[in-house]
Amino acid sequence: MIKMIVRQKTINKIIKDNYRKEISIQFSLDGFSFCICNSTTKELQHFTTHTFENSVATPELLLSKIEKLFNDYSVLKQEFETVTIIHQNNLSTLVPAALFNENELQLYLDYNIKTLTNDFIAFDSLTQLDVKNVYVPYININNYFFQQFGEFDYKHHATVLIDKLILHSKNNTKKQFFVNVATTNFDIVVIENSKLLFYNSFSFNTKEDFIYYILFTAEQLKLNPETFLLYFIGDVEKDSEIYHITYQYIRNAAFIKLNIPFFDEEEDISNHSHYTTLP
């Protein structure tokens, strides 16, 4: 089993009161993170990440964790020009816009996941593709954020992830295989010529589970482990078990290259981590 750890990291730069601020909050059953930026310059001013000691079992328990974090972090209790909430879960599916019917949201999800009759189902429009992302947001947490901030935008993390990766890859014509790692889940995104070839989310308990899904996906896409490019994003470092086992099987495994000067070299947050939370 994966070893669960508590990891709290808060970084503040100089925050002035005379500029407009925006906040991005991402949460899952495994943790919570947020960043505050200057709305005009998009300069990052504050970042916090909190990994739960044990993955919570339900959205109700997650809400109690988030309520406590709001009490702990006074920086959350201020006015923001823009608030973006990102739901990170594997309760989603992509639908081509040409086949999409807003009245059939439940049907799309039933092909992939088990939903309940009282589940609220939402969808996002990807900005870089003619695709809809249908998903189950944690509506109780949305309601709590409305009480805290008033109106806000919310999205599924896959929407943010795919849109950002399409933009990141726009000048690269080769197939690129991205792996976005969380504590107990990871996403695979494969892009070629600014087109999405593959997206899926997988749960894993061991490094063997992890590499199995990567190799299985590569085989289905007829990608040669000796030649295709794999880029890591998220909660993975060179000293981690999943990196080492991936490097045993995939010849070209590296980390996505980003330029986020906010994080200093001595800080233990890598530029490739928290890709969907950061601007």
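Please read these numbers as outputs of a predicted model, since none were measured by experiment.

Draft legend 1. Layout of the packing of helix H1 (residues 59-72) against helix H3 (residues 139-149). Packing of H1 against H3 brings their axes to within 9 Å, and their N-to-C directions diverge by 25 degrees. When the axes of H1 and H3 are compared, the pair comes out roughly parallel. Between H1 and H3 lies a crossing whose hand is right-handed. Of the residues in H3, those in contact with Pro59, Glu60, Leu62, Leu63, Ile66, Glu67 and Phe70 of H1 are Asn140, Ile141, Tyr144, Phe145, Gln148 and Phe149. The residue makeup of the contact of H1 with H3, split by class, is nine nonpolar, two polar and two charged.

Draft legend 2. Local environment of unusual backbone geometry. For Lys42, which is not glycine, the phi dihedral falls at a positive 65 degrees. Relative accessible area serves as the criterion here: at 42%, Lys42 is assigned to the partly exposed category.

Draft legend 3. Local environment of the sheet that holds strand S6 (residues 92-96). The three strands lie next to each other as S6-S8-S7, forming an open sheet whose pairing is antiparallel. With partners counted over all chains shown, the strands left at the sheet margins are S6 and strand S7 (122-125), one partner each. Put simply, the sheet's adjacent strands are angled 25 degrees from each other on average, direction ignored.

Draft legend 4. How the structure looks around the sheet that holds strand S10 (residues 176-181). Strand order in this open sheet of five strands is S12-S11-S10-S13-S14, and the pairing throughout is mixed. Strand pairing shows two members of the sheet lacking a second neighbour, strand S12 (195-203) and strand S14 (252-255), which therefore form its edges. Geometrically, the sheet is characterised by an average inter-axis angle of 20 degrees between neighbouring strands, direction not taken into account. Of the strand pairs in this sheet, strand S11 (residues 185-192) and S12 are connected by eight bridges, and their pairing is antiparallel. The partner of Val190 across the bridge, within S12, is Phe198.

Draft legend 5. How the structure looks around the nonpolar core. Grouped together as the largest cluster of nonpolar side chains are 25 residues, with contacts concentrated most on Ile25, Phe27, Phe32, Phe34, Ile66, Phe70 and Phe145. Listed by contribution, the elements that provide at least two residues to this core are strand S2 (21-27), strand S3 (31-38), H1, strand S5 (82-87) and H3. The greatest single-element share of this core, amounting to five residues, is contributed by H1. Apart from residues no more than four positions distant in its own chain, Phe70 is found in contact with Ile25, Phe32, Leu76, Lys77, Tyr144, Phe145, Gln148 and Phe149. In this structure, Val179, Phe210, Leu230 and Ala253 belong to the second largest nonpolar core, which totals 23 residues.

Draft legend 6. Seen up close, the packing of aromatic side chains. Summed over the entire model, instances satisfying the criterion amount to 29 aromatic pairs. Here the aromatic rings of Phe70 and Phe145 are separated by 5.8 Å at their centres, their planes lie at 45 degrees, and the arrangement is tilted. Separated by 75 residues along the polypeptide, Phe70 in helix H1 and Phe145 in helix H3 bring together distant segments of the chain. Of the two residues examined, Phe70 and Phe145, each falls in the buried class. Among the aromatic residues, those joined into a ring-pair cluster are Phe186, Phe202, Phe204, Phe210, Tyr212, Tyr213, Phe216, Phe232, Tyr243, Tyr247 and Phe255.

Draft legend 7. Representation of the environment of Thr206 within the structure. Within the element layout of this structure, Thr206 appears in the loop between S12 and helix H5 (207-220). In this structure Thr206 comes out as partly exposed when scored by relative accessible area, which is 29%. Residues Thr206 and Thr184, 22 residues apart in the sequence, show an inter-C-alpha distance of 9.1 Å. Here the side chain of Thr206 touches Asp209 through a polar contact of 3.1 Å, landing on its backbone nitrogen.

Draft legend 8. Broad picture of the state of the cysteines. For the structure on display, the rule yields zero disulfides. In this structure Cys35 is a free cysteine whose sulfur lies 4.4 Å from that of Cys37, the closest cysteine sulfur available.

Draft legend 9. Representation of the side chain of Thr159 within the structure. Tracing the backbone shows Thr159 in helix H4 (residues 157-168). Residue contacts for Thr159: discarding those within four places in its chain leaves Asp124, Leu126 and Asn133.

Draft legend 10. Just the pattern of salt bridges, in detail. Counted according to the given criterion, the structure contains six salt bridges. The residue Lys42 makes a salt bridge to Glu22 at a minimum N-O spacing of 2.9 Å. In this pair, Lys42 sits in the loop between S3 and strand S4 (44-51) while Glu22 sits in strand S2, placing the two residues 20 residues apart along the sequence. A residue is classified by how much of its surface remains accessible, and Glu22, at 17% relative accessible area, is buried.

The rules behind each value
- Residues numbered from 1 in each chain as written.
- Predicted model: local features only at pLDDT ≥ 70, side-chain atom pairs only at ≥ 80, totals over all residues.
- Heavy atoms only, no water.
- Axes fitted to C-alpha atoms, helices over the stretch in contact; angles between N-to-C directions.
- Helix = DSSP H or I, 4+ residues; strand = E, 2+ residues; numbered from the N terminus.
- Parallel < 35°, antiparallel > 145°, perpendicular 65-115°, else oblique.
- Left-handed = near helix turned anticlockwise from the far one by under 90°.
- Contact = heavy atoms within 4.5 Å.
- Nonpolar A, V, L, I, M, F, W, Y, C, P; charged D, E, K, R; others polar.
- Buried < 20%, exposed > 50% of the residue type's maximum accessible area, 1.4 Å probe, protein only.
- Pairing = 2+ DSSP bridges.
- Core = buried A, V, L, I, M, F, W, Y, C linked by side-chain atoms within 4.5 Å.
- Phe/Tyr/Trp six-rings, centres within 6.5 Å; stacked < 30°, edge-to-face > 60°.
- Polar contact = N/O pair within 3.5 Å; in protein donor to acceptor, adjacent residues only side chain to side chain.
- Disulfide = S-S within 2.5 Å.
- Salt bridge = Lys/Arg side-chain N within 4 Å of Asp/Glu carboxyl O.

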